[in-house]
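A look at the structure
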Amino acid sequence: MKKSCIAMLLAGGQGSRLYALTQDVAKPSVPFGGKYRIIDFPLSNCANSGIDTVGVLTQYRPLQLNSYIGTGQPWDLDVSDGGVYILPPYQKQDEKGSWFTGTANAIYQNIAFIENYNPENVLILSGDHIYKMDYADMLREHLAHDCALTIAVQQVSMEEATRMGMMNVGEDGYVYEFEEKPKHPRSDLASMGVYIFNWEKLRAYLIADENDPNSGKDFGHNIIPAMLANGEKLWPYRFEGYWRDVGTITSLWDANMDMLSTTLINLYDPAWPISSRSPVCPPTYVGEDARIVHSIITEGCEIDGHVENSVLSASVIVERGAKVVYSVLMPGTVVKAGATVEYAILGENTVIEAGAVVGTAPDGTDGWGVATCGPNVTVPAGKVIPAGAMIYSGEEG
Amino acid sequence: MSKYHGIIFAYSDAPELGDLTRERTVASLPFCGRYRLIDFALSSMKNAGITDVGVIMARDYQSLLDHIGSGKDWDMSRRSGGLRMLPPFGLPHAHSGNYAGTVEALNAVAPYIRDIPQDHIVLMLGSLLANIDLSAAIAQHEAGGAEITAICSEGSSVGVNHHYLVDDDGFVNGIHLYRGDSAKGLKSLEGYIIHKNVLLRMMDEAAARNHYAFHRHAMLNFLEDGGRMDVYRHEGYVCAIRNIEQYYRASMDMLDAEKRRQIFPTSRPVRTKTHEEVSSYLGEHAVIKNSLIADNCIIDGEIENCIVFSGCRIGAGTKLKNSIIMRGVTVGENAELSYVISDKYASFSDNTRLNGNAKLPMVVPKRAAI
């Protein structure tokens, strides 16, 4: 059966700008917003949009991602004619196996997978964006404008525009030019890295691009400019909802803090659930002397200390007299008695021993930043971790 | 495949639970923020590697079916074997509508029992609140050489019906039926490890004599005929919930760290149906003390000594004390509730005042709007 649209999710990036948090895991499987991992957002968007076939392209430390996605059951993607598939690089006949050398090459190497489903269109997604988007609506616009490619775009400030891929749009509403990080932006429409391609056209461009030895095999740098140069029709799909790239420590922290506001992004809307795979834990116990204000908590926590403006994942322990402020605590972290965690991100199963201090409030100096501890780090009792520090697992605090 | 097959009794109703079991069996009574009582029996079996399980039910089982589904949350959705829900195949006419006793329930599904491929069967109550280490019980059963091993508790266990007296060798030589909490002997948790043929023989004899009760008839006959019954002593919290006061007390007991650890040990996790959920948000005015809070809640009020299930909305200025608030309940602003058990999806408007009592908590039925 021919499918109208299938999705390919680019989850292969190392996420090197998340440093210690992606030391052992791929960026899409970094915990986010209490209950989730980053990849839950695009996967849930697919399921909610009626896209039931998703290829997940992985190559950097995929073990956790593989077991997390499993059969796709938490996202209702365990269907018989479709489903969610992990697609690592593999060896083909008469050639050496090779890594994905760019975003376009990753799709090129999986042409056979896509052909299995014989789709009319292919949705290309990133594994590091937090947003709720109805791809079915985008597909309707794509079909209505009869174009080779529809790119989701968002209005940004001129200052932000200098750091993003910008779409210059003509009077007819179609995109005539794509500029990566322009010094002098001529448009305020930034690409969100969400593309719907007509599959027949995309396949032709992927093959041509693969045969071009000078190409970087990248959608933004090679495929899209080539399509524009050939006069293909490109339509900008304007998206006005919440959308954040969480590729850096600061943006990851910021986006977590955004989850404290239901006006920015409402995760409680039953019509658009973001689903996740999470172990069953008893409800969170909040003790006699605990104080929790303006925060997110997840099941399995034991809170006896003070938690404010923070996001707590499952099974976090905050002991008596401990203080957690403006911080993101990933699953299984322990903050022992009298310890202070301020403006920090603590990776999975991090232990902050009694009386230790991690991070400080902003002081206006250039050196300030969010303090980060990677997974399984133990910060010894009494130790002080300064603002902006990056502690890797293996280092002892 | 495990050598053991599980049978869970989920047919019992308890009139003393009133509105809480009007539309559900005791086994599907919501407990501790996100669970149903039957989760404990299902999880005990799953944690012992038993995934071929039959659940015997008689009536009011819609909520039970909805909760258990295919059994996939307990890894019991299997191509061969797995979970089987066993509704009545047809009761004798002029029947009360429920099984008069355990043997009658077993005989009603006798074809299923006969076709069980395993030689050994574990029987458990679907309404018992306990996290039983069935692997340890099975190991003891296999080492001991008795035909039946009964799962018992030595400690305080509320709501237990029967007691076992044991001889010097540790085998059961007497049963005290319906003597209440104060009776002597080991408290029966009505869980048994039994050879399939022994069980079938007991069922046949009972059917021939028109007997329906397991303990009063079948078990006493078994002992009189010289049958050997060993006991496995379960350590840890136990409650056989049969009335509202027991339900309330068992719920509040989960606020105690040690009791909570006994019911939810990390080595034997309790599984339940997973819902689409999101973390809970505690707002600017939230003050929470000594309470259990499940996921998907938005709370801006004051909560003390409460169990709050998933999906609740608690407005600013509202005070909840000593209460159990089940899934999807909405409480407006400036309301005050104490000693209330609110069933699912009830709603309380702004400024509502409701007070129950520790001995008689006020039960608000499912979907009630106050």
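In this text, all values refer to a predicted model and were calculated from it rather than measured experimentally.

**Digging into the sheet that holds strand S19 (residues 307-308) of chain B**
The eleven strands are arranged S29(A)-S26(A)-S23(A)-S20(A)-S17(A)-S14(A)-S16(B)-S19(B)-S22(B)-S25(B)-S28(B) in an open sheet whose pairing can be described as mixed. At either margin of the open sheet sits one strand with a lone partner, and together these are strand S29 (378-379) of chain A together with strand S28 (362-364) of chain B. When strand S25 (residues 340-342) of chain B meets S28 of chain B, the two strands line up parallel, connected through three bridges. Bridge pairing in S28 of chain B links Ser-342 of chain B to Val-364 of chain B.

**Observations concerning the packing of aromatic side chains**
Note on aromatic pairs: each is described by the distance of the centres and the angle between the planes. Residues and elements named next belong to chain A. Scanning the model with the defined rule gives 24 aromatic pairs over all chains in all. Seen in terms of ring centroids, Tyr-68 and Trp-75 are 5.5 Å apart; in terms of plane orientation they differ by 65°. Their pairing is edge-to-face. Across the pair, exposure class does not vary: Tyr-68 and Trp-75 are buried alike. Both rings, one in Tyr-131 and one in Phe-239, keep their centres 6.4 Å apart while their planes meet at 85°; by these two values the pair is edge-to-face. Of this pair, Tyr-131 sits in strand S7 (residues 129-131) while Phe-239 sits in the loop between strand S12 (234-238) and strand S13 (243-245), and the two are 108 residues apart along the sequence. Take Tyr-131: its relative accessible area is 0%, and that puts it in the buried class. Judged by its relative accessible area of 10%, Phe-239 falls in the buried class.

**Remarks on unusual backbone geometry**
Positive phi outside glycine occurs at Asn-118 of chain A, with the angle close to 50°. Relative to the elements of secondary structure, Asn-118 of chain A occurs in the loop between helix H4 (111-117) and strand S6 (121-126).

**Considering the environment of Gly-220 of chain A**
Residue and element names in this part refer to chain A. For Gly-220, the position within the fold is in helix H8 (residues 219-229). Look at Gly-220 and you get buried, because its relative accessible area is 8%. For the pair Gly-220 and Glu-179, spaced 41 residues apart in sequence, the C-alpha separation works out to 8.9 Å.

**Points about the sheet that holds strand S18 (residues 302-304) of chain B**
All names here are of chain B. Strand order in this open sheet of five strands is S15-S18-S21-S24-S27, and the pairing throughout is parallel. Where the open sheet ends on each side, the last strands, each with one partner, are strand S15 (287-289) and strand S27 (353-355). The mean angle between the axes of side-by-side strands here comes to 5°, regardless of whether they run parallel or antiparallel. Alignment of strand S21 (residues 319-321) against strand S24 (residues 336-338), held across three bridges, turns out to be parallel.

Cut-offs applied
- Residues numbered from 1 in each chain as written.
- Chains lettered and ligands numbered in written order.
- Predicted model: local features only at pLDDT ≥ 70, side-chain atom pairs only at ≥ 80, totals over all residues.
- Heavy atoms only, no water.
- Pairing = 2+ DSSP bridges.
- Helix = DSSP H or I, 4+ residues; strand = E, 2+ residues; numbered from the N terminus.
- Phe/Tyr/Trp six-rings, centres within 6.5 Å; stacked < 30°, edge-to-face > 60°.
- Buried < 20%, exposed > 50% of the residue type's maximum accessible area, 1.4 Å probe, protein only.
- Axes fitted to C-alpha atoms, helices over the stretch in contact; angles between N-to-C directions.

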